[in-house]
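Summary of structural features
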Amino acid sequence: MDYKKVIVDSWRETQKNKSLIFWFGFLPALFTTTVGVGYIAYQFFAFKQSYLFDDAEQSFFHDVIVFIWDFIKSHVSLTLPLIIFAIIFVILYFIIPTIAKASAIQSIARKKNGQKSGVGTGLRHGIMSFLPLFEYHLLIKVFAFFSILFEISFVLRNLGPVIFKMLLPVFIILLIIGFVLTLLFTYTDFFIVIDDRNVFNSMKRSGKLVLMNWKHTILITILMILIGIRVVIQAILVFLIPALVVLITGYITTIAVPATGVIVGGIIGFIALIIAAYLNGIVDIFSYTVWTYTFLELSSEEEVSAREVLIDDIGEKPHDYSGHKNL
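If you're wondering where the values come from, they're calculated on a predicted model, not measured in any experiment.

**Focus on the overall build of the protein**
When you go through the protein residue by residue, the secondary structure sums to 12 helices and 0 strands. Counting from the amino terminus, helix and strand elements in the protein follow one another as α-α-α-α-α-α-α-α-α-α-α-α. Long-range pairs, those at least 24 residues apart, make up 73% of the contacts in the protein with a sequence separation of at least 6. When the accessible surface of the protein is split by element, carbon and sulfur atoms take 71% of a total near 20400 Å².

**Quick word on the packing of helix 2 (residues 18–48) against helix 4 (residues 76–112)**
Relative orientation of the contacting elements helix 2 and helix 4 amounts to 150°, with a least axis distance of 9 Å. The angle between helix 2 and helix 4 places the two elements in the roughly antiparallel class. As for how helix 2 packs across helix 4, the hand of that crossing is left-handed. Facing L20, F24, P28, F31, T32, T34 and V35 of helix 2, the residues of helix 4 in contact are F89, L92, Y93, I96, P97, A100, S103, A104, S107 and I108. Considered class by class, the residues forming the contact of helix 2 with helix 4 number 13 nonpolar, 4 polar and no charged.

**Digging into helix 10 (residues 199–212)**
Across its 14 residues, helix 10 extends 20 Å between first and last C-alpha, which sits within 8% of the 20 Å expected from 1.5 Å per residue. For helix 10, the capping residue at the N-terminal end is N198, with a side-chain oxygen 3.4 Å from the backbone nitrogen of F200.

**Remarks on the environment of R110**
For R110, the position within the fold is in helix 4. Each C-alpha atom, one on R110 and one on I194, is 9.1 Å from the other, the two residues being 84 residues apart in sequence. In this structure, R110 is in contact with Q115, K116, S117, T121 and H125, ignoring residues within four places of it in sequence. Of note is the side chain of R110, whose polar atom sits 2.9 Å from the side chain of Q106.

**Considering the side chain of T186**
Take T186: it is sitting in the loop between helix 8 (160–184) and helix 9 (188–193). At a separation of 3.2 Å, a polar atom in the side chain of T186 contacts the main-chain carbonyl oxygen of T182. When neighbours within four sequence positions are excluded, T186 is seen to be in contact with S206, V210 and W291.

**Here's the deal with the nonpolar core**
Y136, F185, Y187, F190, L209 and F295 are the most contacted members of the largest nonpolar core, which totals 21 residues. Every element with two or more residues in this core is listed here: helix 4, helix 6 (130–140), helix 9, helix 10 and helix 12 (258–299). Once residues within four sequence positions are removed from consideration, F185 is found in contact with Y136, I140, M203 and S206. Formed by 14 residues, the second largest nonpolar core is a distinct cluster that contains V119, I282, Y288 and Y293.

**A short note on a nonpolar patch on the surface**
Residues I263, I267, F270, I271, I275, Y278 and L279 make up a contiguous nonpolar surface patch of about 690 Å² in total accessible area. Summarising the element assignment, L279 is placed in helix 12.

**Remarks on the confidence of the model for the protein**
With 75% of its residues at a pLDDT of 70 or more, the protein shows a mean pLDDT of 81. When mean pLDDT is compared element by element in the protein, helix 9 scores highest at 95, while helix 11 (residues 217–255) scores lowest at 63. Residue range residues 321–327 is modelled with pLDDT below 50. Its contacts to residues more than four positions away, or to other chains, number 0 contacts.

**Considerations on the pattern of salt bridges**
Going through the model one piece at a time under the given rule, you end up with 4 salt bridges. Here D70 makes a salt bridge to K73, at a shortest N to O gap of 3.8 Å. You can see D70 and its partner K73 sitting in helix 3 (residues 60–74), 3 residues apart, about one turn around the helix. Since its relative accessible area comes to 36%, D70 is described here as partly exposed. The salt bridge partner of D189 is K101, with a shortest N-O separation of 2.4 Å. Here K101 lies in helix 4 and D189 lies in helix 9, a separation of 88 residues in the sequence. On the basis of relative accessible area, D189 is assigned to the buried category, the value being 6%.

Conventions we followed
- Residues numbered from 1 in each chain as written.
- Predicted model: local features only at pLDDT ≥ 70, side-chain atom pairs only at ≥ 80, totals over all residues.
- Heavy atoms only, no water.
- Helix = DSSP H or I, 4+ residues; strand = E, 2+ residues; numbered from the N terminus.
- Contact = heavy atoms within 4.5 Å.
- Areas by Shrake-Rupley, 256 points an atom, 1.4 Å probe, with all protein chains shown as cover.
- Axes fitted to C-alpha atoms, helices over the stretch in contact; angles between N-to-C directions.
- Parallel < 35°, antiparallel > 145°, perpendicular 65-115°, else oblique.
- Left-handed = near helix turned anticlockwise from the far one by under 90°.
- Nonpolar A, V, L, I, M, F, W, Y, C, P; charged D, E, K, R; others polar.
- Expected span 1.5 Å × (residues − 1).
- Polar contact = N/O pair within 3.5 Å; in protein donor to acceptor, adjacent residues only side chain to side chain.
- Core = buried A, V, L, I, M, F, W, Y, C linked by side-chain atoms within 4.5 Å.
- Buried < 20%, exposed > 50% of the residue type's maximum accessible area, 1.4 Å probe, protein only.
- Patch = residues over 30% accessible without salt bridge, like charges linked within 9 Å, V, L, I, M, F, W, Y side chains within 5 Å.
- Salt bridge = Lys/Arg side-chain N within 4 Å of Asp/Glu carboxyl O.
- pLDDT = per-residue confidence, 0-100.

Listed below in structure tokens is the structure:
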């Protein structure tokens with residue numbers, strides 16, 4: 001396998017697929033980036049008010065609940081619309097990224113194989129893979145890197161350093177297990193989406209494909225680095241958005257009317273969110289393309305059984321030295 005060619009071709013194809021970047025990269029990234037901003041902001045202020053930095057009387061979670069309750073009492077007419085909006089947002093957050101990933105893989109694979117492709121074709125076939133892909137993501141999410149980090153931060157903030165040190169070996173083991181499972185199940189999404197396999201069969205086949213193609217560990221490592229770069233970029237952008245909004249809003253509030261600071265901060269935060277979502281969308285489509293090309297090439301190679309007799313380079317079968325006929 002020509003690793004450089006796979007990556008270069010994937011990047012070129014990504015640059016050509018502006019519609020895929022918008023529909024299957026940018027739109028789902030709006031939801032994931034927004035949730036990421038909320039998650040990072042919550043972790044930041046929760047740590048800020050914890051015993052590690054401030055040792056406030058009340059936790060940040062308590063302050064959030066009080067703020068929400070006070071807002072409900074002060075703006076009763078807005079409560080129902082906001083609840084409906086929140087429910088719709090949560091539902092779309094769980095649905096759209098999964099459908100977008102399945103649709104992107106379908107479109108990329110079909111174009112690679114010379115079939116009719118595009119946003120409509122990818123979406124039509126991608127929807128059919130939504131339920132098994134969603135089931136797999138829920139199953140593997142327990143061992144996801146950020147899920148384990150959330151558990152670590154919760155223990156560190158709420159249970160203290162003594163309990164954290166006691167559980168640290170457990171967290172390290174979970175991180176190692178999560179990394180191994182992520183590596184073994186690299187191709188599970190593609191078996192589900194492209195080959196229409198069920199969840200557990202796809203996980204089994206993915207593990208076998210990874211193990212049987214151990215020579216391509218370098219490629220897998222490169223791809224994992226790409227994913228790591230994506231995570232780092234996303235984390236930086238996600239962290240900068242709330243920080244930017246807070247700093248600008250606070251500064252304008254000190255020199256102007258508070259309402260003006262909130263409006264300006266909201267506009268800047270929205271623009272930063274759009275930019276971050278678009279960049280994440282590009283990296284997502286590029287990542288899907290690299291993995292899809294790799295999957296199609298590796299899975300197309302037929303495994304040879306030890307019982308099969310092969311013909312050597314000069315057209316002859318290997319000589320049987322046993323002196324016995326096959327039983």
